[in-house]
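A look at the structure
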Amino acid sequence: MSSGTISKFFYPNSVAVVGASRDPSKVGYQLLYNLISKYKGRVYPINPHVSEVLGLKAYPRITSVPDDIDLAVISVPASTVPSVMEDCGLKGVKNVIVISAGFKELGTVEGIEGERKIVEIAKKFGMRVIGPNCMGVYVPKIGLNTTFLNPDRMDFPEHGNISFISQSGAFGIAVLDWAAMRGIGISKFVSLGNKCDVDESDMLDYLVGDEDTQVITMYIEGVEVGRRFIKSLKSTTPVKPVVILKAGRSEEGVRAIASHTGSLAGADIVYDAAFKQCGVLRAYGMDELFDMALSLSLQPPAQGMRVGILTVGGGSGVMATDAAVSLGLKVPKLSDATVGKLRNVLLPIASPYNPVDVTGSARNEHLLNAVDIMMRSGEVDVIIWIPYFMAPGITDELVEDFVSVVRSVNKELSTPIPVVGAATGGRHTLKLSTAVEKGGIPMYPTVERAAKAAWALCKYGQWLKSKGTFDDYLSRFSKFT
Ligand code: COA
């Protein structure tokens, strides 16, 4: 099937909801409710038993709608889906999302046969299908939301530059809710479900050229078209970072996958090798997935593996060093010249080596001067800064001033130095960390997580260099340079 119409899943001018229920406790009602909350395109509820749903005129069949329809979202019981698909085909709809469960994931003859019919009908009419057994898409930029979760009990994130493709609908939705709370913006969310047609390769091929997507994240269980997936990954990663959380690492996990989406997961070692070969950054949990995505979305890649650590607390500096080294990064000693420069601007009790420990007596200017010197030294490729916002000499002004120093130094450097932060603490720390992050420097609650985020910048930079696309990526990544 051609991939020419994938964009209509994300930017349809009109959407029909087949199975738009009048019952607020049903999936089809909530889906329509979420869709019309923000989406400004035309929406057509389809339900043979009602004339109106949520104030919109309803049509008995999709074929009765007088206008063109770009996208049909199907939420009727599995047994009815094939006939609805036929109707969609007759209507000339080219993009279909099947929310309904009850197909291959059941492992039954009926389920498998039902899914086969969906594919057959889609092929006959040249339609592209997302699902079945999925949540569909969420595109905040145009308010498109085909998920059916109760918005009184969850939040949806704002528009941002991270796209998230999930094989699990429930996990995907939980991530959206969490991302909204964490302040992470999403460009496109797609729940792929059973992937009877559209799969992660289609998504990569589309998102690599999507101007609104800076970083591609994925939760996957099993990928059935291995070769094609590798090809898509290979053409995407020199252009955009791809961070993947692959579940089913244990034998037991593989068994669980079979009964979830019916995918064949295969040996984890094969995925691991493929990811390495294709420059994928592998995450081992949700935190890592978005920690890395956030640093890649906010900061430029690093040109080497050398980490500079700038801390207010000695212990955190040691832990950050351990974390960085255990990830394969280097924490080099600074040259005598740089140490001398640092001595000139820091307190006599400060430690001007790497980690650079400004001590608990530090004032804002000590951190500002130190980061300036470290960034210009040419001796580190990425900086992890560890402010203690509760230190007596540190004021709230540090937030704005630090962001501004990092920005202005990077403007002067030929290759920018990415900066990530770790601030462990409570309410006040969280408030200021959030403010720093709004300024474009990602902040993490532990040094270990900050180290992994820094690692992602180094690893991706290394990959871009090996592909000869580092400079090209940097020139597109204009935010911090
Ligand atoms: N065309 C349009 N509407 C139709 C229809 C047709 N051919 N046949 C029935 N409908 C209407 C029904 O009348 C009903 O509306 P009403 O409540 O106003 O009467 C509505 O469509 C839904 O049909 P119903 O039979 O009540 O189904 P349901 O809402 O109980 O369940 C699903 C349908 C799809 C939600 C359910 O089968 C399902 O798959 N649930 C799981 C979804 C899921 O978890 N997906 C994966 C997420 S990761």
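None of the values given here were measured: they were computed from a predicted structure.

Take the sheet that holds strand β2 (residues 42-46) next. The five strands are arranged β2-β1-β5-β6-β7 in an open sheet whose pairing can be described as parallel. At either end of the open sheet lies a strand with only one pairing partner, and these are β2 and β7 (128-130). Direction aside, neighbouring strands of the sheet carry axes that sit 20 degrees apart on average.

Turning our eyes to something else, we now look at the environment of Gly 136. Along the chain, the position of Gly 136 falls in strand β8 (residues 136-139). In this structure, the C-alpha to C-alpha distance between Gly 136 and Ile 74, residues 62 residues apart in sequence, is 9.9 Å.

Tallying each qualifying case throughout the model produces 25 salt bridges. Between Asp 87 and Arg 61 there is a salt bridge whose closest N-O contact spans 2.7 Å. With Asp 87 in helix α3 (residues 81-91) and Arg 61 in the loop between β4 (56-57) and β5 (71-74), this pair connects stretches of sequence that are 26 residues apart. Look at Asp 87 and you get buried, because its relative accessible area is 12%. Given a relative accessible area of 43%, Arg 61 falls into the partly exposed group. Ionic pairing is found between Lys 276 and Asp 272, a salt bridge with its closest N-O pair at 3.3 Å.

What follows concerns the domain arrangement of the protein chain. You can read the domains of the protein chain as domain 1 (1-133), domain 2 (149-298) and domain 3 (300-480). In this structure, domain 1 and domain 3 have C-alpha centres spaced 49 Å apart.

On to the site of the ligand. If you check the shell around the ligand, you find 23 residues, and the closest are Ser 21, Arg 22, Lys 26, His 49 and Ala 101. Within the contact set of the ligand, a nitrogen atom lies 3.5 Å away from a backbone nitrogen or oxygen of Ile 46. The backbone of Ile 99 places a nitrogen or oxygen atom 2.9 Å from a nitrogen atom of the ligand. For the ligand, whose accessible area on its own is 960 Å², the fraction buried by protein is 74%. Classifying every residue of the shell around the ligand by side-chain character gives twelve nonpolar, nine polar and two charged.

What follows concerns the pairing of β5. Across the two faces of β5 the burial is the same, with Leu 71 and Val 73 and Ala 72 and Ile 74 all buried. As paired elements, strand β1 (residues 14-18) and β5 share four bridges and run parallel to each other. Its bridge partner being in β5, Val 18 is matched across the sheet by Ile 74. Here β5 runs beside strand β6 (residues 95-98); their pairing, made up of four bridges, is parallel. Bridge assignment links Ile 74 to a residue of β6, and that residue is Val 98. With α3 bridging β5 and its parallel neighbour β6, the resulting β-α-β unit is right-handed.

Right, let's talk about the packing of aromatic side chains for a bit. Using the criterion set out here, one finds 13 aromatic pairs in the structure. Summarising the aromatic geometry, the rings of Phe 171 and Tyr 219 are spaced 5.1 Å apart at their centres and angled 55 degrees between planes, so their arrangement reads as tilted. Of this pair, Phe 171 sits in helix α5 (residues 169-182) while Tyr 219 sits in strand β12 (residues 215-220), placing them 48 residues apart in sequence. The exposure class assigned to Phe 171 is partly exposed, which follows from its relative accessible area of 23%. Put simply, the rings of Phe 164, Phe 171, Trp 178, Phe 189, Tyr 219 and Phe 290 touch in pairs and so form one group of aromatic residues. The ring centre of Tyr 271 lies 4.4 Å from the NZ or CZ of Lys 246, which sits over that ring. One residue, Lys 465, lies across the ring of Phe 470, its end atom 4.8 Å from the ring centre.

Residue Pro 132 is bonded to the preceding Gly 131 through a cis peptide linkage, with omega at -10 degrees. Of note, Lys 195 is a non-glycine position whose phi angle comes to about 55 degrees, a positive value. Mapping Lys 195 onto the fold places it in the loop between β11 (186-191) and α6 (200-207). What makes Lys 195 buried here is its relative accessible area of 12%. The residue Thr 359 is not glycine, and still its phi comes out positive at about 75 degrees. With respect to the secondary-structure elements, Thr 359 resides in the loop between β16 (356-357) and α13 (364-376).

Parameters and conventions
Residues numbered from 1 in each chain as written. Predicted model: local features only at pLDDT ≥ 70, side-chain atom pairs only at ≥ 80, totals over all residues. Heavy atoms only, no water. Pairing = 2+ DSSP bridges. Helix = DSSP H or I, 4+ residues; strand = E, 2+ residues; numbered from the N terminus. Axes fitted to C-alpha atoms, helices over the stretch in contact; angles between N-to-C directions. Salt bridge = Lys/Arg side-chain N within 4 Å of Asp/Glu carboxyl O. Buried < 20%, exposed > 50% of the residue type's maximum accessible area, 1.4 Å probe, protein only. Domains from an automatic or database assignment. Near = heavy atom within 4 Å. Polar contact = N/O pair within 3.5 Å; in protein donor to acceptor, adjacent residues only side chain to side chain. Areas by Shrake-Rupley, 256 points an atom, 1.4 Å probe, with all protein chains shown as cover. Nonpolar A, V, L, I, M, F, W, Y, C, P; charged D, E, K, R; others polar. Right-handed = clockwise from strand over helix to strand, strands pointing away. Phe/Tyr/Trp six-rings, centres within 6.5 Å; stacked < 30°, edge-to-face > 60°. Lys NZ or Arg CZ within 6 Å of the ring centre and 35° of its normal.

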